[in-house]
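# Commentary on secondary and tertiary structure
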Amino acid sequence: MDMTFIYQIEHHAAFGPLIVLYFFLAGLSAGLFILSTLGPVFGIQKFKPLAKPTSTMALATLVPGLLALVLDLGQPFRALSLFYRVNFQSIMSWGSFILLIYGIASLIYTWYLWKEDARMKTWGKIGVVFAAALGLYTGFLLAVVPGHPLWNSALLPLLFLISGSVAALSLISLTKGFAPKAVGLEVMGSEEGIHTVKVWMVVLEILLIAFHLLAVLTLNDAGRAVVQNLFSGTKQMSFMIVQLVIGMFLPLILLLFSQRSTKILGISGLLSLIGVFALRYNIVFGGEELPQAGTQLYLFEGGSGWWLTAGLLVLLVILLIGLPKILQNMVKKSSGIASSQSM
Amino acid sequence: MPENKSHYGMVIDLRLCVGCHACTVACKMENNLPEGFFRSWVVEADKGEYPTVTRVKLPRLCNQCESAPCEQVCPVKATHRDEGGVVVVDSKKCIGCRYCISACPYDARYIHPKKGTADKCNLCLERVKGGLMPACVSTCIAHARYFGDLNDPMSEVSQLLSENSYQVLRSELGTKPSVFYIGLDGALAGADYANLAKRR
């Protein structure tokens with residue numbers, strides 16, 4: 001029957017660009033940390049040269065990620081209350097403790113790793129558990145919301161973990177291709193392994209997205225509408241062009257056919273990073289855009305949020321370049337103090 | 001909910017609602033709400049084609065779910081239960097993370113632009129504690145809104161629910177709302193995905 005809405009109100013979407021950035025950086029950091037531990041903690045020789053640079057990259061991505069999370073709060077100065085007013089039913093409560101323990105573990109692991117202290121193995125093992133939990137929980141955060149069909153799926157945590165790993169591998173390709181010295185990736189020797197893993201990860205990512213969307217499509221009217229919105233609605237450009245074509249299929253083709261040039265692999269890495277960011281954007285924005293009632297799409301107030309996102313990405317680049325140098329100096333100083341004390 | 005405790009709820013008889021929006025205005029004045037944000041509002045639509053056309057109305061507010069997704073996801077327990085099982089937000093504890101807003105399947109919550117904390121209908125609990133009715137109920141010119149204790153079989157709301165067939169919004173989600181509608185038109189109960197508005 002024909003319906004003409006005479007009066008309805010526009011509602012404001014809950015999550016904005018800073019949450020997209022946080023999900024992106026948290027997954028990236030988790031992926032980088034896991035990669036870093038493969039060599040020194042789990043004994044895969046091929047990945048040993050990656051350990052130190054990726055450990056600092058994991059920290060460098062975590063800092064702007066945490067800032068994005070806190071800046072997004074309506075009451076940022078109350079952020080610490082997350083640790084003393086705990087609701088164990090809330091995934092966000094779990095997430096704040098996962099973040100806390102992961103942050104501490106990755107800090108200590110990185111320090112011992114750069115000092116070449118054997119204690120890094122213990123902290124690496126603790127960190128890797130919480131890194132995986134971090135990658136998964138960002139997906140769980142959305143998966144437990146029953147009102148939004150695009151979020152309400154057990155595949156989402158896995159998709160976020162896998163795409164976070166793709167982002168981590170892509171950041172390595174990108175920095176190796178364009179600024180190897182700046183991040184300490186001159187000697188690597190594990191390119192082949194990285195690219196093989198990345199190809200499989202991207203394939204898995206594409207399959208997970210396909211399975212997820214197929215299930216959502218057949219769920220109900222809301223599910224069909226949200227998938228249609230991705231393919232032919234307001235999210236067509238960001239989903240079809242940016243996420244799928246530029247961010248997934250193009251880098252996959254580059255990876256399969258141009259493995260010899262580090263520059264092309266660097267470009268493939270950059271495109272994959274854009275793709276993973278677009279994936280987070282489309283899931284978060286696309287998932288909450290459709291109304292629960294009536295015909296009005298949700299309002300997004302992203303103006304200042306997008307500027308802050310850009311600022312935090314600049315901070316990320318500064319940290320990626322600066323952190324290895326700072327850490328190197330600190331390690332030198334601390335070993336200098338240690339040797340002078342022993343004399 | 002235990003029988004010996006009160007369980008506040010609302011019944012809205014849509015057969016009587018005239019769509020005057022007095023409830024929306026009374027709510028805004030009583031709770032001093034910021035411009036562009038509502039705790040209570042009325043959706044109106046025309047159904048059908050001339051000459052067989054009907055105006056359908058749906059007053060909306062927080063559904064005071066017994067199994068409330070907002071209460072479950074709040075990481076700092078700022079969303080909690082007060083007297084009569086009413087779901088309220090403690091604005092002194094809320095960190096403004098917006099998780100409850102995304103979890104609410106009834107669009108009932110928003111971030112207060114000045115306070116930076118989540119806000120929604122609390123059934124005018126301060127008025128209720130003082131022996132008054134919620135502002136929207138007091139002001140309703142058509143006597144379409146009723147408030148009371150759902151656990152008290154003699155209350156007006158319980159009597160209405162026992163005498164009439166009633167509906168709740170989005171029952172498929174299992175949230176067990178405490179806001180009941182008599183004469184709800186199914187066309188207004190969910191979104192109209194075929195006619196989504198274009199993004200400005």
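Residues numbered from 1 in each chain as written. Chains lettered and ligands numbered in written order. Predicted model: local features only at pLDDT ≥ 70, side-chain atom pairs only at ≥ 80, totals over all residues. Heavy atoms only, no water.

Let us now look at the overall build of chain B. Within chain B, the regular secondary structure consists of six helices and nine strands. Relative to the compact-globule value of 16 Å for 200 residues, chain B shows a C-alpha radius of gyration of 17 Å, a close match. Principal-axis analysis of the C-alpha atoms gives chain B an extent of 55 × 50 × 35 Å. Per-residue burial over chain B gives 57% buried out of 200 residues. (Helix = DSSP H or I, 4+ residues; strand = E, 2+ residues; numbered from the N terminus. Rg over C-alpha atoms; globule rule 2.2 N^0.38 Å. Buried < 20%, exposed > 50% of the residue type's maximum accessible area, 1.4 Å probe, protein only.)

So, on to the interface of chain A and chain B. Counting residues at the interface gives 53 residues for chain A and 53 residues for chain B. Buried surface at the junction of chain A and chain B, both sides included, amounts to about 4,700 Å², of which 57% is carbon and sulfur. Among the residues of chain A in contact with chain B, Met3, Tyr7 and Gln292 of chain A are the three that bury the most area, contributing 14% of the side total. Here chain A and chain B share one salt bridge between them. A salt bridge links Arg98 of chain B to Asp72 of chain A; the nearest nitrogen and oxygen atoms lie 3.7 Å apart. Elements with a minimum of two residues in the side of chain A that touches chain B: strand 1 (3-7), helix 3 (91-115), helix 4 (120-143) and helix 8 (221-232) of chain A. Ranked by residue count, the leading element in the side of chain A that touches chain B is strand 1 of chain A, at five residues. (Contact = heavy atoms within 4.5 Å. Buried area = accessible area lost by both parts, 1.4 Å probe. Salt bridge = Lys/Arg side-chain N within 4 Å of Asp/Glu carboxyl O.)

Residue and element names in this part refer to chain A. Tracing the sequence through the fold places Ser238 in helix 9 (residues 236-257). Among the residues examined, Ser238 registers a relative accessible area of 14% and is labelled buried. A polar atom in the side chain of Ser238 sits 3.3 Å from the backbone oxygen of Lys235. In terms of polar contacts, Ser238 uses its side chain to reach the side chain of Asn282, at 2.6 Å. (Polar contact = N/O pair within 3.5 Å; in protein donor to acceptor, adjacent residues only side chain to side chain.)

Glancing now at the pattern of salt bridges. Residue and element names in this part refer to chain B. Counted according to the given criterion, the structure contains 15 salt bridges over all chains. Across the salt bridge formed by Asp13 and Arg15, the nearest N and O atoms sit 2.9 Å from each other. With a relative accessible area of 54%, Arg15 lands in the exposed category. We note a salt bridge from Asp185 to Lys47, for which the minimum N-O separation is 2.7 Å. You can see Asp185 sitting in the segment after strand 9 (179-182) and its partner Lys47 sitting in strand 2 (residues 41-49), a full 138 residues away along the chain. Its relative accessible area of 19% is what places Lys47 among the buried residues. A network of salt bridges, in which partner residues are shared, links Glu44, Asp46 and Arg55.

Residues and elements named next belong to chain B. In space, the three strands of this open sheet follow the order 8-1-9, with mixed pairing throughout. Of all strands in the sheet, those bounded by a partner on one side alone are strand 8 (145-149) and strand 9. Ignoring strand direction, the axes of neighbouring strands in this sheet form an average angle of 20 degrees. Of the pairings in the sheet, the one linking strand 1 (residues 8-13) to strand 9 comprises four bridges and is parallel in character. Within strand 9, the position partnered with Ile12 by the bridge is Tyr181. The strands touched by helix 6 (residues 156-163) are strand 1, strand 8 and strand 9; relative to strand 8, the strand with the most contacts, the crossing angle is about 110 degrees. (Pairing = 2+ DSSP bridges. Axes fitted to C-alpha atoms, helices over the stretch in contact; angles between N-to-C directions.)

Let us now look at the sheet that holds strand 1 of chain A. Taken in spatial order, the three strands of this open sheet run 1(A)-2(B)-3(B), and their pairing is antiparallel. Edge positions in the sheet fall to strand 1 of chain A together with strand 3 (52-60) of chain B, since each of these pairs with one other strand and no more. Each strand axis lies, on average, 25 degrees off the axis of its neighbour in the sheet, ignoring direction. As defined by bridge partners, strand 1 of chain A adjoins strand 2 of chain B across four bridges and the pair is classed as antiparallel.

On to the packing of aromatic side chains, then. Residue and element names in this part refer to chain A. A full pass over the atoms with the stated rule returns 17 aromatic pairs over all chains. When the centroid spacing of 5.5 Å and the interplanar angle of 75 degrees are considered together, the rings of Phe33 and Tyr102 count as edge-to-face. Here Tyr102 lies in helix 3 and Phe33 lies in helix 1 (residues 17-38), a separation of 69 residues in the sequence. When sorted by exposure, Phe33 lands in the same class as Tyr102, which is buried. An aromatic cluster of at least three residues, connected via ring pairs, comprises Tyr281, Phe285, Phe300 and Trp306. (Phe/Tyr/Trp six-rings, centres within 6.5 Å; stacked < 30°, edge-to-face > 60°.)

What follows covers the nonpolar core. Core analysis: the biggest nonpolar cluster contains 147 residues, and Phe24, Leu28, Leu134 and Leu142 of chain A together with Tyr181 of chain B have the highest contact counts within it. At 14 residues, the largest contribution of residues to this core is made by helix 1 of chain A. Once residues within four sequence positions are removed from consideration, Leu134 of chain A is found in contact with Tyr22, Ala26, Ala30, Ile98, Leu99 and Tyr102 of chain A. (Core = buried A, V, L, I, M, F, W, Y, C linked by side-chain atoms within 4.5 Å.)

Another aspect to go through is helix 4 of chain A. In a regular helix each residue adds 1.5 Å, so 24 residues correspond to 34 Å; helix 4 of chain A covers 34 Å between its end C-alpha atoms and thus fits that length. In helix 4 of chain A, a bend of some 30 degrees at Tyr137 of chain A exceeds every other bend along the element. (Expected span 1.5 Å × (residues − 1). Bend = angle between axes of the 7 residues up to and from the residue.)

Bringing unusual backbone geometry into the picture now. With an omega of 10 degrees, the peptide bond between Tyr50 of chain B and Pro51 of chain B qualifies as cis. Tracing the backbone shows Pro51 of chain B in the loop between strand 2 and strand 3. Located in the positive-phi region is Glu116 of chain A, a residue other than glycine, with phi close to 55 degrees. Structurally, the position occupied by Glu116 of chain A is in the loop between helix 3 and helix 4. By relative accessible area, which is 62% here, Glu116 of chain A ends up exposed. Unlike most non-glycine residues, Leu123 of chain B shows phi in positive territory, near 55 degrees. Its location among the elements puts Leu123 of chain B in the loop between strand 7 (118-119) and helix 4 (125-129). Given a relative accessible area of 2%, Leu123 of chain B falls into the buried group.

What follows is about the side chain of Gln243 of chain A. Residue and element names in this part refer to chain A. Within the secondary structure, Gln243 sits in helix 9. Residue Gln243 is classed as buried on the basis of its relative accessible area, which comes to 1%. Setting aside residues no more than four positions away along its own chain, Gln243 makes contact with Ile209, Ser238, Met248, Gly275, Ala278, Leu279 and Asn282.

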